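Now for the letters of each chain:
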Amino acid sequence: MTTAAAAPVLELCDVARTYPGAPPVHALRPVDLTVEAGDYLAVVGPSGSGKSTLLNLLGLLDRPTSGTFRLSGVDVAGLNERDRAALRGRRVGFVFQSFHLLPYRTATENVTLAQLYVTPRSRRRELVAEQTLRRVGLGHRLQALPSTMSGGERQRVAIARALVNAPDILLCDEPTGNLDSATAQAVMDLLEELNQAGVTIIVITHDHAVASRARRRVTILDGHLSEPAGNVPDSIREQAC
Ligand SMILES: Nc1ncnc2c1ncn2[C@@H]1O[C@H](COP(=O)(O)OP(=O)(O)OP(=O)(O)O)[C@@H](O)[C@H]1O
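Residues numbered from 1 in each chain as written. Predicted model: local features only at pLDDT ≥ 70, side-chain atom pairs only at ≥ 80, totals over all residues.

Named according to an unreviewed UniProt entry, the protein is Peptide ABC transporter ATP-binding protein originating from Streptomyces violascens.

As structure tokens, this is what we get:
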């Protein structure tokens, strides 16, 4: 999918999220973050540090309390729920720790269902689903049900489902959390390969081994996001928020 001319994929300027209550919870302190096309970024932090809060904002599942968030050049604050859902469906692919596959649907059907609102012709949907499953190494399991697949295969189906609409960004939430270490390595290899082919990836994790595979790493602690200065690409450092 093409993005607005050379706009970063994600731009957060002073974005914060506070949950109301007595006292309120400052889950995400004002943060600036720019992610460009082709980046591979890990957000690493312990339990309760604000990772899910950030993920929900990045994936348009929640709204910031303050600040500006642009996805592919679009300021999302002005969008209604329907437009946000449409933007999310086309621009963001989600990969979760527990796969979230439909158990009574084949691998191909699980991927096809993600295309319903994006690709109108059903034959086309199936072809693209199969092509995407081959891309993640599952050409031999197209008709398999999730219950007959290994954890690593299930996560590959989930990755294919996330990729099938050619999103601008792949948002991965603890993608190896349910996998043994060898399978986790293989899934991380796949993410790396996809990134080398141009897919923009954000991985949110508490696991430093997973984070170490990314080219850029930011740390989140008590809602504060920080990135070593030398880690930020020059092109991003030059852009003022
Ligand atoms: N809906 C909510 N209302 C109030 N407080 C919340 C809400 N959701 C999260 N929090 C609080 O915000 C802070 C950050 O939570 P968040 O779920 O983002 O952390 P996390 O890093 O994803 O944790 P984990 O790794 O355990 O999932 C925590 O103090 C949490 O208790």
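What follows continues from the structure just given.
Quick look at helix H1 (residues 51–58) now. Where burial is concerned, most of H1 is hidden: six out of the eight residues are buried. Taken together, the buried positions of H1 are Lys51, Thr53, Leu54, Leu55, Leu57 and Leu58. Leu60 occupies a position one or two residues after H1 and carries a positive phi of about 60°. (Buried ≥ 20, exposed ≤ 12 C-beta atoms within 10 Å, placed from the backbone. Helix = DSSP H or I, 4+ residues; strand = E, 2+ residues; numbered from the N terminus.)

Next up on the list: the packing of helix H5 (residues 151–163) against helix H6 (residues 181–196). In the contact formed by H5 and H6, the axes pass within 9 Å of each other and the chain directions differ by 20°. Taken together, the axis directions place H5 and H6 in an arrangement best described as roughly parallel. Every pair of crossing elements has a handedness; the one defined by H5 and H6 is right-handed. On the side of H5, the interface is formed by Gly151, Gly152, Gln155, Arg156 and Ile159, while H6 contributes Thr183, Ala186, Val187 and Leu190. Within the contact of H5 with H6, the residues separate by chemical class into four nonpolar, four polar and one charged. (Axes fitted to C-alpha atoms, helices over the stretch in contact; angles between N-to-C directions. Parallel < 35°, antiparallel > 145°, perpendicular 65-115°, else oblique. Left-handed = near helix turned anticlockwise from the far one by under 90°. Contact = placed C-beta atoms within 7 Å. Nonpolar A, V, L, I, M, F, W, Y, C, P; charged D, E, K, R; others polar.)

Attention shifts here to the sheet that holds strand E7 (residues 169–173). Taken together, the six strands give an open sheet; going across it, the order is E6-E7-E8-E3-E9-E10, and neighbouring strands pair in mixed fashion. Here the strands that pair on one side only, and so sit at the sheet edges, are strand E6 (92–96) and strand E10 (224–226). In this sheet, adjacent strand axes meet at a mean angle of 20° when their direction is disregarded. Where strand E3 (residues 40–44) lies against strand E8 (residues 201–205), five bridges are found, and the strand directions are parallel. If you follow Ala42 over to E8, its bridge partner there is Val203. (Pairing = 2+ DSSP bridges.)

Burial runs high along E8: five of the five residues are buried. Of the two faces of E8, the one carrying Ile201, Val203 and Thr205 and the one carrying Ile202 and Ile204 are both buried. Summarising the sheet, E7 and E8 pair through four bridges and their orientation is parallel. By the bridge assignment for E8, Cys172 is matched with Val203.

Formed by 59 residues in total, the largest nonpolar core has its most connected members in Val43, Ala160, Leu170 and Ile202. Counting residues per element, this core draws most heavily on H5, at six residues. Each residue touching Ala160, except ones within four places of it in the same chain, is listed here: Val111, Thr132, Leu133, Val136 and Leu138. (Core = buried A, V, L, I, M, F, W, Y, C linked by C-beta atoms within 7 Å.)

This brings us to the sheet that holds strand E4 (residues 66–71). Overall, antiparallel pairing links the four strands, which are arranged E2-E1-E4-E5 in an open sheet. Edge positions in the open sheet fall to strand E2 (25–35) and strand E5 (74–75), since each of these has one partner strand only. The pairing of strand E1 (residues 10–19) with E4 spans five bridges and is antiparallel. Paired with Glu11 across the bridge in E4 is Arg70. Taken strand by strand, H1 contacts E1, E2 and E4, and its axis lies near 125° from that of E1.

With that settled, consider the site of the ligand. Close contacts around the ligand come from 13 residues, with Tyr19, Ala27, Ser47, Ser52 and Thr53 the closest. For the shell around the ligand, the element with the most residues is H1, which contributes three residues. Classifying every residue of the shell around the ligand by side-chain character gives three nonpolar, nine polar and one charged. (Near = placed C-beta within 6 Å.)

Looking now at the pairing of E2. Sheet topology places E1 next to E2; seven bridges connect them, and they run antiparallel. Each bridged residue has a counterpart across the sheet, and for Val15 the counterpart in E2 is Val31. Following E1, the chain reverses through five residues before pairing antiparallel with E2; Gly21 in that reversal takes a positive phi of roughly 155°.

Of note, Leu61 is situated in the loop between H1 and E4. On the basis of neighbour count, Leu61 is assigned to the partly exposed category, with 14 C-beta atoms found within 10 Å. Put simply, Leu61 and Arg84 are 23 residues apart on the chain and 8.7 Å apart in space, counted from C-alpha to C-alpha.

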